[in-house]
Amino acid sequence: MILVTGGAGYIGSHTVRLLAAQGLRIVVLDNMVYGHEEAIVDDAVQLVRGDIGDHTLLRSLFEEHKFSAVVHFAAFAYVGESVTNPLKYYRNNTSAPLALLEIMQEFGCRQFVFSSTCATYGVPTTIPITEETVQSPINPYGRSKLMLEWILADCETAWGLRSTCLRYFNASGCSADGVIGEDHNPETHLIPRVLMALTGEAGPVEVFGTDYPTPDGTCIRDYIHVEDLAAAHARALDHLAEGGESLRVNLGTGIGISVKEIIAAVEKVTGKTVPVVMGPRRAGDPAQLVADPSLAWRRLQWRAKHTNIEETVKSAWQWMNGPRNGRYNS
Ligand SMILES: NC(=O)c1ccc[n+]([C@@H]2O[C@H](COP(=O)([O-])OP(=O)(O)OC[C@H]3O[C@@H](n4cnc5c(N)ncnc54)[C@H](O)[C@@H]3O)[C@@H](O)[C@H]2O)c1
């Protein structure tokens with residue numbers, strides 16, 4: 001039995017769907033602040049509404065089920081908000097998981113898969129980013145995640161917790177069959193934001209900075225498909241179940257795509273012209289964030305399968321034009 005926190009969110013729900021299809025028994029714990037009940041599509045998955053910081057609830061869940069591992073997605077992930085309201089991020093992303101870890105220690109559950117982020121690297125000095133690149137986050141969100149990486153390492157020393165910290169780059173795309181997808185509110189991720197400019201759900205896309213030291217002057221990111229992320233979690237769980245040691249690995253494609261290239265890919269996939277406004281740079285945006293994902297291959301035998309950005313954009317567009325029009329009801 002696996003406990004998945006934040007499993008009703010974007011990446012969590014795609015992962016839960018894959019793990020359930022592989023026959024794992026899953027309990028999702030989500031306080032539904034940003035989660036969607038309809039994103040849990042497998043009837044065998046139990047959804048518990050509650051907070052990862054709730055000791056009493058956690059204890060009753062661990063008494064009821066024998067969890068072999070925890071997959072921890074639950075967190076807040078708006079970088080800008082973390083700057084204006086840092087305590088909200090330190091409370092939810094760093095402090096609340098302590099309750100979860102305390103209960104895991106109490107019940108002898110010692111395997112933990114953690115959603116970390118490329119934001120822990122801050123402004124990297126070299127590209128591509130390896131796991132050896134210095135972690136020097138430049139905002140409270142990145143720091144709130146890095147602190148949990150450190151806490152996990154300390155728990156390993158103290159009571160033998162083994163963890164895989166999966167440092168995702170830019171999660172993107174939606175399920176291939178269009179059944180589940182990305183529904184953030186507000187939406188800050190580039191691909192859905194560009195698509196929303198086409199559907200009229202949002203105004204023109206503002207491009208933040210056109211004078212970066214990149215070939216077309218716009219920022220470059222590594223877009224990793226959500227189904228590839230889901231597959232990496234399955235591998236990380238296997239690795240821990242087989243007795244594998246703790247790991248910190250980048251999850252990206254290794255391919256850098258600029259903002260202008262995303263807009264061009266959207267125009268090609270949809271056949272429509274994206275309304276765009278060119279604006280100044282936004283504080284705290286590194287010019288490039290691109291992963292060296294080779295360690296994940298060496299240690300987890302995982303690599304991204306979705307490396308064609310137009311295919312990724314197509315999956316997001318399909319979700320937006322599907323029966324739900326890119327939105328869950330809840
Ligand atoms: N989306 C990305 O590009 C990206 C990149 C790097 C890392 N991450 C990390 O991956 C994880 C998932 O991201 P996402 O895009 O799916 O976000 P999301 O907001 O869609 O999912 C997070 C889920 O966690 C739940 N949650 C939040 N706080 C909770 C709490 N205290 N108790 C219980 N549930 C809680 C929310 O309701 C939501 O369903 C996050 O930890 C995020 O920091 C995301």
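Above this text you will find the structure in question.
Since this is a predicted model, take the numbers as computed values, not measurements. (Residues numbered from 1 in each chain as written. Predicted model: local features only at pLDDT ≥ 70, side-chain atom pairs only at ≥ 80, totals over all residues. Heavy atoms only, no water.)

Caption draft 1: A look at the nonpolar core. Counting 36 residues, the largest nonpolar core has Val4, Ile11, Ile26, Leu166, Val249, Leu251 and Trp302 as the members making the most contacts within it. With 7 residues, helix H7 (residues 226-241) is the largest single contributor of residues to this core. The residues touching leucine 251, leaving out its near neighbours within four places in the chain, are Leu166, Arg167, Tyr168, Phe169, Ile224, Leu229, Ala232, Ala296 and Trp302. Counting 29 residues, the second largest nonpolar core, distinct from the first, contains Ile191, Met196, Val205 and Met320. (Core = buried A, V, L, I, M, F, W, Y, C linked by side-chain atoms within 4.5 Å. Buried < 20%, exposed > 50% of the residue type's maximum accessible area, 1.4 Å probe, protein only. Helix = DSSP H or I, 4+ residues; strand = E, 2+ residues; numbered from the N terminus. Contact = heavy atoms within 4.5 Å.)

Caption draft 2: How the structure looks around the site of the ligand. Lining the immediate environment of the ligand, one finds 29 residues, of which Asp30, Phe73, Asn92, Tyr141 and Lys145 sit closest. Within the side chain of asparagine 92, a nitrogen or oxygen atom sits 2.7 Å from a nitrogen atom of the ligand. Histidine 184 places a side-chain nitrogen or oxygen 3.0 Å from an oxygen atom of the ligand. For the ligand, whose accessible area on its own is 820 Å², the fraction buried by protein is 96%. For the shell around the ligand, the secondary-structure elements that each account for two or more residues are helix H1 (10-21), strand E5 (111-117) and helix H5 (140-159). With 3 residues, E5 is the largest single contributor of residues to the shell around the ligand. (Near = heavy atom within 4 Å. Polar contact = N/O pair within 3.5 Å; in protein donor to acceptor, adjacent residues only side chain to side chain. Areas by Shrake-Rupley, 256 points an atom, 1.4 Å probe, with all protein chains shown as cover.)

Caption draft 3: Region of the structure containing the sheet that holds strand E4 (residues 69-72). Spatial strand order, E3-E2-E1-E4-E5-E6-E11: 7 strands in an open sheet with parallel pairing. The two strands at the open ends of the sheet, each matched to only one other strand, are strand E3 (46-49) and strand E11 (247-251). Between one strand and the next, the sheet's axes are offset by a mean angle of 20 degrees, whatever the strand orientation. Sheet topology note: the strand E2 (residues 26-30)/E3 ladder contains 4 bridges and is parallel. Paired with aspartate 30 across the two strands is arginine 49, which belongs to E3. Against the sheet, helix H2 (residues 55-64) contacts strand E1 (2-5), E2, E3 and E4, and its axis sits at roughly 175 degrees relative to E2. (Pairing = 2+ DSSP bridges. Axes fitted to C-alpha atoms, helices over the stretch in contact; angles between N-to-C directions.)

Fair warning: the whole summary comes from geometry, so function is off the table for now.
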